[in-house]
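Next come the chains, spelled out residue by residue.
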Amino acid sequence: MVALLPRWSPEGTQLAFFGGTSTESFRVYVIPATGGTPRRVTAGTLPEADPSWSPDGRRLAFGNTSGGQAGTTPNTTIQVLDLGTGQATQLPGSEGFFSPRWSPDGERIVFDSNRDGRWELYVIHAAGGAPQRVTDHPADDCCGSWSHDGRWIYFMSARSGQRQIWKMRAGGGEVVQI
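Presented here is an overview of the structure given in this document. (Residues numbered from 1 in each chain as written. Predicted model: local features only at pLDDT ≥ 70, side-chain atom pairs only at ≥ 80, totals over all residues. Heavy atoms only, no water.)

So, about the pairing of strand β15 (residues 164-169). Bridge count for strand β14 (residues 152-157) against β15 is 6 bridges, and the pairing is antiparallel. Paired with Ser157 across the two strands is Gln164, which belongs to β15. Pairing of β15 with strand β16 (residues 175-177), which is carried by 3 bridges, proceeds in the antiparallel orientation. Counted as the bridge partner of Met168 is Val175 from β16. Linking β15 back to β16 in an antiparallel pair, the connection comprises 5 residues, with Gly172 at a positive phi of about 105°. (Pairing = 2+ DSSP bridges. Helix = DSSP H or I, 4+ residues; strand = E, 2+ residues; numbered from the N terminus.)

Here it is as structure tokens:
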């Protein structure tokens, strides 16, 4: 199995990742941090990618592709998996989004999307709803990550002519290169 993008659980005892084989689509798995056999935690039939733990460790958000090439939009949605019940549901309003990252308070999720022709960052309430676009630049902006206090979103952008790390206030506004 190919294993990609491991993500630590909040308590540091498990890793979530997505993996697959040449004959099996990518799926989301969890493995103990000490090693062992990966356990598939989803039951879907569509390719899955890029899991992100909720701050309380009870849920995983991940990308789900419903056709087309994996990782492209608008054929992607964000699924939220309740690890206690094993039930995954599509996050309302997440059509065309990918690479979810929970805010530290668990109230918001930042996503990537190229549904308007270039990669930008959006924030959506963790229960779903209308996404808020927080970047708008001719260069691609992607791979958002929250600061530990939730006040900033760090992301990758080619605004300077090459890919660099930038930050902005979580609600949008001026961006600053790191």
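Don't stop here, the text continues.
Applying the stated rule across the entire model yields 10 salt bridges. Across the pair Arg118 and Asp136 runs a salt bridge, and its minimum N-O distance is 2.3 Å. Of this pair, Arg118 sits in the loop between β10 (108-113) and β11 (120-125) while Asp136 is found in the loop between β12 (132-133) and β13 (141-146), placing the two residues 18 residues apart along the sequence. Residue Glu120 pairs with Arg133 through a salt bridge whose shortest N-O separation is 3.5 Å. Remark: Arg133 occurs in strand β12 and Glu120 occurs in strand β11; sequence separation between them is 13 residues. Connected through salt bridges with shared partners, the residues Asp116, Arg118, Glu120, Arg133 and Asp136 form a single ionic network. (Salt bridge = Lys/Arg side-chain N within 4 Å of Asp/Glu carboxyl O.)

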